[in-house]
Amino acid sequence: MIIDTTELQDINSFSKLESLKEVYGILWVLAPIFTLILGITISVLAIVWLEREISAGIQQRIGPEYAGPLGVLQALSDGTKLLFKENLIPSRGDIRLFSIGPSISVISILISYSIIPFGYNFVLSDLNIGVFLWIAISSIAPIGLLMSGYGSNNKYSFLGGLRAAAQSISYEIPLTLCVLSISLLSNSLSTVDIVAAQSKYGFWGWNLWRQPIGLIVFLISSLAECERLPFDLPEAEEELVAGYQTEYSGIKFGLFYVASYLNLLISSLFVTVLYLGGPNISIPYIFVSDFFEINKAYGVFGTTIGIFITLAKTYLFVFVSITTRWTLPRLRMDQLLNLGWKFLLPISLGNLLLTTSSQLFSL
C-alpha cells in the first residue's frame, strides 16, 4: 500500500492537533489547582504580615517595616531564609517518621481547600460530602504531629505530639456536631448547597442568626484545632521547649509554620461558608447589591466580587483569632480538656438536639 505525501501530511497534522488537545486538556485541569495554590500562598503571607502588625499594635511596639513597603516582604524573606538553612536530623531518631510528619500536616490541610466555594459556582470540587471530608482530612494533621514527635526521639517532642492528638480528639467532636447542625438546616453536606440555602433569605437567612450557639462553639473548637493561643499546649515553650517541632530546622520547621497558618485560614473560610453565607452580601437597608445585582452577577465580574466578599468575611475572623492570641493567656492541659469534654461537648449536643427538633416540627 502506497501513501502519497499529501495523505502523510494530513496524518501528521491530525496527530499534532490531537497532541495539542491533550496538552490543552491537561493544562485546563491543572490551571485551577495552581491558581488556588498561588492564592493560598499569597493569603498565608498576608496573614503572617497581619499577625505581626496587629501584635505590634496590641503591644505598642514597632512591627516589621524594613523588608519592602510597610514590611510586607518580611514573611517572604523569612521563608527564603528557612529554605536555605541546614536541615538537621536527630542521630537516634526515626528518620522516616521525622521526615514524613511535616508533609502530612501540610498536605492534609491543603486538600481541604478544594471544597471551599470562593465565589458563585467557583469551587474546585463540589462534593456531596464536602464538610465531612474536611473533618475527616483535618483529623489526619495531628497524626503528622504525633509522627514528628515520636520520630524526634525527644521526650518534649513526644509529649507535644501526644498533646496534639488529645487536643484534636477533644475538640473535633464538638466541631463535628456543629457542622452536623448546619447540614440539618441546609439538608445537604455540600458546601455549595449550604451557601445556596443561606442566600434564599438574604442577610437574615445566614446561619449566624439560626445557630448563634453553634457559631460560638465552632469558633472555640476551630481555635483549638489550629492550636492557637490560648490552646497552643502542644508547643508550650514554658514546658516543652517547642513541643513536637523542637528538633526541626530549615524547611521542615517552615512547613509546620505554614501548616498552622493554613489551618487558621481554612477554619476562617469554613466559618464564612457555614455561618456567614459565603459570597452572599445581602445586607438590609443597603441597596448597592440590588442596584448592581451583585448576587445575580455571573462571569468574571460576579466571580471576582464573590471572591472579594468571601475573603473580606474570612479576614474578619482571622483578625479575631490573631487578637485572641495576643490577648488571652495559655490554658493548662486539664483546663483545656475540661473545656472540651465538660462544656463544649454537652452544649454542642444540646444544640444538635434543638436543631433536630425544630426541623422535625417544621415538616
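Here the structure is a predicted model, which means the values were calculated and not measured. (Residues numbered from 1 in each chain as written. Predicted model: local features only at pLDDT ≥ 70, side-chain atom pairs only at ≥ 80, totals over all residues. Heavy atoms only, no water.)

## A closer look at unusual backbone geometry
The residue Leu 70 is not glycine, and still its phi comes out positive at about 60 degrees. Structurally, Leu 70 is set in the loop between helix H1 (5–58) and helix H2 (74–84). Assessed through its relative accessible area of 62%, Leu 70 is described here as exposed. Located in the positive-phi region is Asn 153, a residue other than glycine, with phi close to 55 degrees. In this structure, Asn 153 sits in the loop between helix H5 (141–151) and helix H6 (155–186). (Helix = DSSP H or I, 4+ residues; strand = E, 2+ residues; numbered from the N terminus. Buried < 20%, exposed > 50% of the residue type's maximum accessible area, 1.4 Å probe, protein only.)

## Here's the deal with the nonpolar core
Side chains that are nonpolar tend, in soluble globular proteins, to be buried together. Core analysis: the largest hydrophobic core is formed by 51 residues, its most contacted members being Tyr 113, Trp 134, Phe 218, Ile 266, Phe 270 and Leu 274. It is helix H11 (residues 250–275) that contributes the most residues to this core, twelve residues altogether. Here this core gathers at least three residues from each of two domains, domain 1 (1–84) and domain 2 (88–362). In this structure Ile 266 touches Ile 109, Ser 112, Tyr 113, Ile 116 and Trp 134, once residues within four positions along its chain are discounted. Listed in part, the six residues of the second largest apolar core include Phe 98, Leu 145, Ala 164 and Tyr 244. (Core = buried A, V, L, I, M, F, W, Y, C linked by side-chain atoms within 4.5 Å. Domains from an automatic or database assignment. Contact = heavy atoms within 4.5 Å.)

## Examining a nonpolar patch on the surface
Together, Ile 26, Val 29, Leu 30, Ile 33, Phe 34, Ile 37 and Leu 124 give the surface a local cluster of nonpolar side chains, amounting to about 610 Å² of exposed area. Along the chain, the position of Phe 34 falls in helix H1. (Patch = residues over 30% accessible without salt bridge, like charges linked within 9 Å, V, L, I, M, F, W, Y side chains within 5 Å. Areas by Shrake-Rupley, 256 points an atom, 1.4 Å probe, with all protein chains shown as cover. Salt bridge = Lys/Arg side-chain N within 4 Å of Asp/Glu carboxyl O.)

## Comments concerning the UniProt feature "transmembrane region" (unreviewed entry) in the protein
Per the UniProt record, "transmembrane region" (unreviewed entry) is annotated on residues 26–50, 95–115, 127–147, 255–277, 297–322 and 343–361. Taken end to end, residues 26–50 is 100% helix and 0% strand, and its first and last C-alpha atoms sit 36 Å apart. This span, residues 127–147, is 76% helix and 0% strand, and a straight line between its end C-alpha atoms measures 30 Å. (UniProt positions renumbered as here; feature names shortened; annotations may be inferred.)

## Points about helix H3 (residues 95–112)
A rise of 1.5 Å per residue sets the reference length of H3, with its 18 residues, at 26 Å; its end C-alpha atoms lie 27 Å apart and thus fit the reference within 8%. Along its length, H3 shows its largest kink, about 25 degrees, at Gly 101, and proline Pro 102 lies within four residues downstream of that point. N-capping of H3 is provided by Asp 94, with a side-chain oxygen placed 3.2 Å from the backbone N of Arg 96. (Expected span 1.5 Å × (residues − 1). Bend = angle between axes of the 7 residues up to and from the residue. Polar contact = N/O pair within 3.5 Å; in protein donor to acceptor, adjacent residues only side chain to side chain.)

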